[in-house]
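# Close look at the chain arrangement
In case you want the letters, here they are:
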Amino acid sequence: MNTVRLTTAQALVRFLAAQYSERDGQEQRLIPGVWGIFGHGNVAGVGQALLQAATTGKADLPYYLARNEQGMVHASVAYAKMRDRLATFACTASTGPGSTNMITGAALATTNRLPVLLLPSDMFATRAADPVLQQLEDTRGGDVTVNDAFRAVSKYFDRVSRPEQLIPAALAAMRVLTDPVETGAVTLALPQDVQAEAFDWPVSFFRRRVWHVGRPVPEPAAVERAAALLRGARKPLIVAGGGVVYSGAETALRAFSEATGIPVADTHAGKGAVPWDHPYAVGGIGSTGSYAANALAKDADVVLGIGTRYSDFTTASHTVFGNPEVAFVNLNVARLDAVKHSAEPLVADARLGIQALAEALDGWEVEPYHRVRARELIARTREIEERCFTVGHGPLPAQTEILGALNDVLDDRAVVINAAGSMPGDLQQLWRARDPKAYHVEYAYSCMGYEVAAGVGAKMADPSREVVVLVGDGSYLMMAQEIVTMISEGLKVIVVLVQNHGFASIGALSESLGSQRFGTKYRYRNGSSGQLDGDVLPVDLAANASSLGADVLHATSVDEFRAAMEKAKAATRTTVVHVETDLHGPNPPAHAWWDVPVGEVSALESTRSAYETYAAHKHNQRHYL
């Protein structure tokens, strides 16, 4: 057997550089590079291996420097999302806080079913130096480290305690990363001494490997059962999730909707699969969904879910589908999702499943009145949207007016990135996406701080697109430092920084739940009340963005914002457009509910009143059985 003597880290770098994914005959690098921040746990291991690869040409695995470990995971996830889960990055971090900083990113990746390879450094496998700097001493066992926290948020976890263990661990990692059902965060914990330990590796370990990402074919009997339910439907509705986009099933879905007349609602991950102005596109569904989508969902007798995991925002906490006799057909590559709501499951690739259903339903379509009602509801929804875009609020503009202007100035291929706060709800109702990659809202984990880092990954995934990061001051203050990475990598990203001096989303939610916006404003502590309800803090986030290297433009009105955006589009480097909006809205009208429990007993009248409203909504909540 031919062997080559390398350290474990050198072997891992060489292995990763030789991994490819393939679907529909198109191959691409599975791991095109490594993000990292070096410390004592990885600088002489993975760090040395990456340097050696770059200087000797033995492996093509570029290194990218991040400014925060969580941020580099977000960038990798955004890249994977843009690449339909067929490529992602590896992330290396040092022991202790460097590694645990990645845990939030790991949870986000796994919740969103997006692949990322995490390489947290670990303590000494030999325990020769024990305890080392940053080591957690756990009295329950000597083999417990902080990296065990990754187990709960990873789809695959392994600790490589001997060099030869890397071979099965690395192969298993690639298997999970390329499995559309199992994918998520994959964690290989690497003790720092093992990273530097040498071993005689089989040369065959480093051969070029192509991981084929298949399209599971639907079972004919399952297709017929699903088709039978749809044939009997009078008011059917399609819910398009992220699986439609990752499968590349957009064209098939549009054709299916046109042939059958079934209207299409979308989740955050599925928005853009059917263009917003398609005659059967009824917009977002659920807690922050559109008037049309939620009205159709209320009466739907059969719901065809395609590539959706039915989060509580999609189902409005199990209240949006109001027909007592509603039945579900779920087309999903994952059986976990296909059987939700006691559905008739169709376990298959979304594109192949839609095509099979189209063939089985050839010649069948909804009654004419259902098409007419969908058109009427869409027209009413457009009126609501236009009022939000042109509300004429003052003295500060409403956030919805800024989104309306942004809709106007961006082309169809521009990517809008957001994750948390009030903007995802506004965007689900108001954003007009025609391209399946144009709407990049991370809402499975709704992670504050995702946005700026995700802008890096999205731009790297497709440099031909304009990438626009929409971020509120709350998320910006959580994690803005990857602006520095944009500058160092020469990436042109537009960051729209919307400042309203508080947490608008949670403030409004707090008020509706009887908690009076407590703790949701950025204010001085008031000496008389003892609360954070004094004057507005003198925070200059625009100056902060400038200090990180970005060009900054200011806007104080909707017209100024439009003009600033045109300048930002014409720019050749990262530009921040700063605009202030009203913390109190107005926001789009709500057409559904979200279950956030209210205190059942309280000394506050506001809470008691909110509980009565909560109890009334709770009455309509049910399991779909």
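Preceding block: the structure.
Residues numbered from 1 in each chain as written. Predicted model: local features only at pLDDT ≥ 70, side-chain atom pairs only at ≥ 80, totals over all residues. Heavy atoms only, no water.

## Regarding the overall build of the chain
On a plain count of helices and strands, the chain comes out with 23 helices and 23 strands. For a compact globule of 625 residues, the expected C-alpha radius of gyration is about 25 Å, and the chain comes in at 25 Å, within 12% of that figure. Overall, the C-alpha framework of the chain stretches about 70 × 70 × 55 Å when taken along its three principal axes. Relative to its 625 residues, the chain shows a buried fraction of 58%. (Helix = DSSP H or I, 4+ residues; strand = E, 2+ residues; numbered from the N terminus. Rg over C-alpha atoms; globule rule 2.2 N^0.38 Å. Buried < 20%, exposed > 50% of the residue type's maximum accessible area, 1.4 Å probe, protein only.)

## Re the sheet that holds strand β11 (residues 209-212)
Strand order in this open sheet of three strands is β3-β2-β11, and the pairing throughout is mixed. Each edge of the open sheet is held by one strand with a lone partner, namely β3 (26-29) and β11. Geometrically, the sheet is characterised by an average inter-axis angle of 30 degrees between neighbouring strands, direction not taken into account. Note that strand β2 (residues 19-23) and β3 share four bridges and pair antiparallel. Bridge pairing in β3 links Arg-23 to Gln-26. (Pairing = 2+ DSSP bridges. Axes fitted to C-alpha atoms, helices over the stretch in contact; angles between N-to-C directions.)

## Things to note about the nonpolar core
Grouped together as the largest cluster of nonpolar side chains are 56 residues, with contacts concentrated most on Trp-35, Leu-118 and Tyr-450. The contacts of Leu-118, once residues within four sequence positions are left out, are Val-73, Cys-91, Met-102, Ala-106, Phe-150, Ala-185, Val-186, Thr-187 and Leu-188. (Core = buried A, V, L, I, M, F, W, Y, C linked by side-chain atoms within 4.5 Å. Contact = heavy atoms within 4.5 Å.)

## Remarks on the pattern of salt bridges
Enumeration according to the criterion identifies 37 salt bridges in this entry. Here Arg-434 ties to Asp-412 by a salt bridge, and the two come within 3.2 Å at their closest N and O atoms. On the criterion of sequence distance, the pair formed by Arg-434 in the loop between α16 (423-430) and β19 (439-441) and Asp-412 in the loop between α15 (399-409) and β18 (415-418) is long-range, its members being 22 residues apart. According to the relative accessible area criterion, Arg-434 is partly exposed, its value standing at 33%. Put simply, Arg-573 and Asp-551 hold a salt bridge, and the shortest N to O gap is 2.8 Å. Residue Arg-573 is found in the loop between α22 (558-570) and β23 (575-580), and its partner Asp-551 is found in strand β22 (residues 551-555); the two are separated by 22 residues along the sequence. Residue Arg-573 is classed as partly exposed on the basis of its relative accessible area, which comes to 33%. (Salt bridge = Lys/Arg side-chain N within 4 Å of Asp/Glu carboxyl O.)

## Brief notes about the packing of helix α1 (residues 8-16) against helix α2 (residues 46-56)
To describe two helices that pack against each other, one gives the angle between their axes and the distance between the axes. Following both chains from N to C, one finds α1 and α2 inclined at 50 degrees, their axes separated by 8 Å at the closest point. Classed by the angle they form, the pair α1 and α2 counts as oblique. At the point where α1 passes α2, the crossing takes the right-handed sense. Contact with α1, carried on its side by Ala-9, Gln-10 and Val-13, involves Val-46, Gln-48, Ala-49, Leu-50, Gln-52 and Ala-53 of α2 and no other residues of that element. Of the residues that constitute the contact of α1 with α2, the class distribution is six nonpolar, three polar and no charged. (Parallel < 35°, antiparallel > 145°, perpendicular 65-115°, else oblique. Left-handed = near helix turned anticlockwise from the far one by under 90°. Nonpolar A, V, L, I, M, F, W, Y, C, P; charged D, E, K, R; others polar.)

## Let's talk about the environment of Pro-115
Topologically, Pro-115 is positioned in the loop between α5 (103-111) and β7 (116-122). With relative accessibility at 1%, the residue Pro-115 sits in the buried group. Sequence-wise, Pro-115 and Val-77 are 38 residues apart; in three dimensions their C-alpha atoms are separated by 6.7 Å.

## Topic: the state of the cysteines
According to the stated counting rule, one finds zero disulfides in the structure shown. Here Cys-447 stays free of any disulfide, with the sulfur of Cys-91 as its closest cysteine sulfur at 14 Å. Overall, Cys-447 belongs to the buried group, its relative accessible area being 6%. (Disulfide = S-S within 2.5 Å.)

## Some details on the side chain of Ser-94
For Ser-94, the position within the fold is in the loop between β6 (90-93) and α4 (97-100). Here Gly-41 takes part through its backbone nitrogen, which lies 2.9 Å from a polar atom of the side chain of Ser-94. Ignoring anything within four residues of it in the chain, the contact list for Ser-94 reads Ile-37, Gly-39, His-40, Gly-41, Asn-42, Ser-99 and Ser-121. (Polar contact = N/O pair within 3.5 Å; in protein donor to acceptor, adjacent residues only side chain to side chain.)

## Let's talk about empty space enclosed by the protein
What the rule picks out here adds up to four cavities of 30 Å³ or more. Taken as a whole, the largest cavity holds about 140 Å³ of empty space. Contributing to the lining of the largest cavity are 18 residues, with Lys-271, Trp-276, Gly-283, Glu-385 and Trp-431 lying nearest its centre. (1 Å grid on protein atoms, 1.4 Å probe; cavity = no way out; pocket = protein on both sides within 12 Å on 5 of 7 lines; lining within 4 Å. Points joined across faces, edges and corners; volume = space filled by probe spheres on them.)

## What about the packing of aromatic side chains?
The final tally for this structure, using the stated rule, is 18 aromatic pairs. Each ring, one from Phe-38 and one from Tyr-63, has its centre 4.9 Å from the other, and the planes form 20 degrees; the classification is stacked. Here Phe-38, found in the loop between β4 (34-36) and α2, pairs with Tyr-63, found in strand β5 (residues 63-65); they are 25 residues apart in sequence, far enough to count as distant. The class of Phe-38 is partly exposed, set by a relative accessible area of 34%. (Phe/Tyr/Trp six-rings, centres within 6.5 Å; stacked < 30°, edge-to-face > 60°.)

## Observations regarding the layout of surface pockets
Of the volumes computed, that of the largest pocket is approximately 1100 Å³. Considering the residues around the largest pocket, the lining is formed by 42 residues, among which Thr-288, Ser-505, Ala-508, Leu-509 and Trp-594 are closest to the centre. Listing elements by their share of the lining of the largest pocket, those giving two or more residues are α16, α18 (473-478), α20 (504-512) and α23 (605-618). Per element, the largest residue contribution to the lining of the largest pocket is six residues, and it comes from α20. Partitioned by chemical class, the residues of the lining of the largest pocket number 21 nonpolar, 18 polar and three charged. Estimated volume of the second largest pocket: approximately 740 Å³. If you trace the second largest pocket, you find 47 residues lining it, with Asn-112, Gly-242, Gly-243, Tyr-246 and Gly-307 closest to the centre. For the lining of the second largest pocket, the element with the highest residue contribution is helix α9 (residues 242-247), accounting for four residues. Looking at the lining of the second largest pocket, its residues break down into 19 nonpolar, 18 polar and ten charged.

## Focus: the sheet that holds strand β12 (residues 237-240)
Taken in spatial order, the six strands line up as β14-β13-β12-β15-β16-β17 in an open sheet, and their pairing is parallel. Of all the strands in the sheet, the pair left with one neighbour each is β14 (281-284) and β17 (344-347). Averaged over all adjacent pairs, the angle separating strand axes in this sheet is 20 degrees, with direction ignored. Taken together, the five bridges between strand β15 (residues 302-306) and strand β16 (residues 327-332) define a ladder with parallel strand orientation. When the bridges of β16 are listed, Leu-304 appears paired with Val-329. Packed on one face of the sheet, helix α8 (residues 220-231) meets β15, β16 and β17 and runs near 135 degrees to β17.

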